Amino acid sequence: MDINTFSKLTYGVYIVGSGDKDKKNAFIATAVFQVTAIPEKIAIASNKDNYTTEFIQDKKAFSISVLKQNYTPLTMGNFGFRSGRSFNKFEKCNYILGEKTGVPIVLDDTMSWFECTVEQEMDLGTHILFVGKVVDCAIISEEETPLTYQYYHEVKKGVTHKNAPSYIDVNKNISKNKN
Ligand SMILES: Cc1cc2nc3c(=O)[nH]c(=O)nc-3n(C[C@H](O)[C@H](O)[C@H](O)COP(=O)(O)O)c2cc1C
């Protein structure tokens, strides 16, 4: 089994947020995909170590903001490589609160968003799979191009966090091939 086969799967890059006006958090996610059209449902996989996972489980709602291709490294660093346990990610961030659920929706470097209520939750071991029903959504800008994981990786030379399901453990691959 060649673990690098997983690098041929394609993804977008998003900011998933949850909480309320007083306490809120968000993280960068690639594991975001539409699962049904009628009604509109989107699933996300959120690592159990992510601080945001606790907010989603508590609030039973989350937002998804679609990152634009020309995002700033600060946004990626704040939401993808630091935990909200140690600092307030929203202090210098533009956001709105969803009208239906009150969850924060990140506007910085994003081009559209979805607001979802959690319909189902499945424990996958390292991650929780949340299936959300879309209760509101909007396009911020038609001019922008959505960021793909391939562009992030190949053009921006971005790396993946170990908490992402798309993370490839190279050492595991080496030891597997040896066996
Ligand atoms: C490109 C990229 C993709 C990521 N994808 C996911 C993902 O799909 N699911 C996940 O749980 N974490 C993912 N992460 C990791 C989280 O963004 C990271 O653990 C974050 O610091 C968690 O923040 P929090 O602890 O404040 O919630 C990704 C990180 C990056 C940089």
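The structure reproduced in this document is the subject of the present report.

What counts and what doesn't
Residues numbered from 1 in each chain as written. Predicted model: local features only at pLDDT ≥ 70, side-chain atom pairs only at ≥ 80, totals over all residues. Near = placed C-beta within 6 Å. Helix = DSSP H or I, 4+ residues; strand = E, 2+ residues; numbered from the N terminus. Nonpolar A, V, L, I, M, F, W, Y, C, P; charged D, E, K, R; others polar. Contact = placed C-beta atoms within 7 Å. Pairing = 2+ DSSP bridges. Axes fitted to C-alpha atoms, helices over the stretch in contact; angles between N-to-C directions.

Moving on, we come to the site of the ligand. Close to the ligand lie 24 residues, the nearest being Ala-31, Asn-47, Gly-80, Gly-84 and Ala-164. Looking at the shell around the ligand, the elements that each hand over two or more residues are strand S2 (24-29), strand S4 (41-47) and helix H1 (51-59). Among the elements that take part in the shell around the ligand, S2 stands out by supplying 4 residues, more than any other. When the residues that make up the shell around the ligand are grouped by side-chain class, the tally is 10 nonpolar, 13 polar and 1 charged.

On to the environment of Tyr-149. You can see Tyr-149 is positioned in helix H3 (residues 149-154). Residues within four places of Tyr-149 in sequence aside, it is in contact with Thr-10, Tyr-11, Gly-12, Val-13, Thr-30 and Ser-166.

Glancing now at the sheet that holds strand S9 (residues 127-139). Read from one edge of the open sheet, 7 strands run S2-S1-S5-S8-S9-S4-S3, paired in antiparallel fashion. Pairing within the sheet leaves two strands with one partner each, and these edge strands are S2 and strand S3 (32-36). Between one strand and the next, the sheet's axes are offset by a mean angle of 35°, whatever the strand orientation. For S3 and S4, the ladder comprises 4 bridges, and the chain directions are antiparallel.

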